Amino acid sequence: DRVLCLFPMEPPIYAAHRVDARFIGHPLADAIALTPDRTAARAALGEAATAPLLALLPGSRLGEIHGMLPDFGEAARRLARDIPGLRVLVPAANEKCRAAIEQVLAGNPLFRVLDGQAQQIMIASDTVLLASGTAALEAMLCKRPMVIGHRISPLTYRIVRWFGLLKSEFVSLPNVLAGQALVPELLQDACTPEHLHAALLRWFRDAVAVAALQPRFLEIHQSLRLNASQRAADAVAELLHRVITQSLPV
């Protein structure tokens, strides 16, 4: 039997337990261009080419939206006081998510809520504020600077810490894949509007730091861009061939 892995750090983990694993790359890395077209993304969304734009992704589950969006929204409101003309785009995964987002944001005109289009919004943005998850990988592949804000229940967090269940120094995929803190992770008590605002403001004001991210993000993107679907099909075909060959009479 063989396990197909999307990330290069996974096969050694399986190998330690004598499980055959093969790194095949990630389909998102194949689907997203190495150099996404921000101008086209903004045009498609009806946004001005030069307007400062923040993508805000609080998560796709209702619990995440109610738990994270109030602080995310407040951080964005503070940022708007520092960045004249700031636009904040919030993608909603479905109708229930949209209703929850609109309820939390209470019709504030700073925020534009859209149905889906998360990837397009990230490509168009200057910076992304998001909860940890696959969206962080997607933002990295879109080559956008980001701030990770995330909280879990205090009890769950204590259990994770007490039993040493968190094996990585980082929680977001960009940092895990890089092996260093490329983007800020504001977790638990650090995930406050004040801290989120400060981290976002740095990306808007520090062009040198933003530029330094680009070659690192591109390097990681290229390492994951291996035609994952074809490699997965080849691995399955190889396994089937082996099974059929072994079952044939000698």
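As the structure is a prediction and not an experimental result, all values here were calculated from the model.

*Asks:* Can you walk me through the packing of aromatic side chains in this structure?
*Replies:* Here the distance between the centres and the angle between the planes together describe a pair of aromatic rings. One pass over the full model with this rule turns up 0 aromatic pairs. Cation over ring: R202 sits above W203, and NZ or CZ is 4.9 Å from the ring centre.

*Asks:* Mind showing me how you'd approach the pairing of strand 7 (residues 146-150) here?
*Replies:* Looking along a regular strand, one sees side chains alternate from face to face of the sheet. Of all the 5 residues making up strand 7, 4 are buried; the element is thus mostly covered by neighbouring parts of the structure. The pairing of strand 6 (residues 127-130) with strand 7 spans 3 bridges and is classified as parallel. Within strand 7, the residue paired with L130 across the bridge is I148. For the handedness criterion, the β-α-β arrangement of strand 6, helix 7 (residues 134-141) and strand 7 is classed as right-handed.

*Asks:* Please explain the nonpolar core as it appears in this structure.
*Replies:* For soluble globular proteins, the rule of thumb is that nonpolar side chains tend to be buried together. In terms of nonpolar packing, the biggest core is built from 68 residues, with L54, L56, V88, L137 and M146 touching the most fellow members. The element best represented in this core is helix 4 (residues 62-82), accounting for 7 residues. M146 has contacts with T127, V128, A136, A139, M140, P174, V183, P184, W203 and F217, leaving out every residue within four places of it along the chain.

*Asks:* Would you mind showing me how to read the environment of A80 here?
*Replies:* On the secondary structure map, A80 appears in helix 4. On the basis of relative accessibility, which here comes to 25%, the residue A80 falls in the partly exposed class. Here the alpha-carbon distance between A80 and H197, two residues 117 residues apart in the chain, equals 9.7 Å. Beyond its immediate chain neighbours, meaning those up to four positions away, A80 contacts L86 and L110.

*Asks:* Please clarify how unusual backbone geometry should be interpreted in this entry.
*Replies:* Even without being glycine, Q188 reaches a positive phi, approximately 50°. Tracing the sequence through the fold places Q188 in the loop between strand 8 (185-187) and helix 10 (193-205). Residue Q188 is classed as buried on the basis of its relative accessible area of 12%.

Cut-off values and rules
- Each residue is numbered by its place in its chain's sequence as written, counting from 1.
- Totals for whole chains, interfaces and linings use all residues, but because this is a predicted model, local features are given only for residues with pLDDT of at least 70 and pairs of side-chain atoms are given and counted only at 80 or more.
- Where side-chain values are given, they derive from all heavy atoms of the structure, hydrogens and water being excluded.
- Stacked, edge-to-face and tilted labels apply to pairs of Phe, Tyr and Trp rings (six-membered ring for Trp) whose centres lie within 6.5 Å, assigned for plane angles under 30 degrees, over 60, and everything in between, in that order.
- Two conditions define a charge located above a ring, namely a distance within 6 Å from the ring centre to NZ of Lys or CZ of Arg, and an angle within 35 degrees of the ring normal.
- Exposed residues in this analysis have more than 50% of their type's maximum accessible area, buried residues have under 20%, and partly exposed residues fall in between, with area computed by a 1.4 Å probe over protein chains only.
- By the criteria applied, helices consist of DSSP H or I runs no shorter than four residues and strands consist of E runs no shorter than two, each listed in order from the N terminus.
- Any two strands with at least two DSSP-identified bridges between them are counted as paired.
- Place the viewer so that the strands point away; then a crossover is right-handed whenever the path from the first strand over the helix to the second strand goes clockwise.
- To define a nonpolar core, start from buried Ala, Val, Leu, Ile, Met, Phe, Trp, Tyr and Cys residues and group those joined through side-chain atoms within 4.5 Å.
- Contact definition: two residues touch when any of their heavy atoms are within 4.5 Å.

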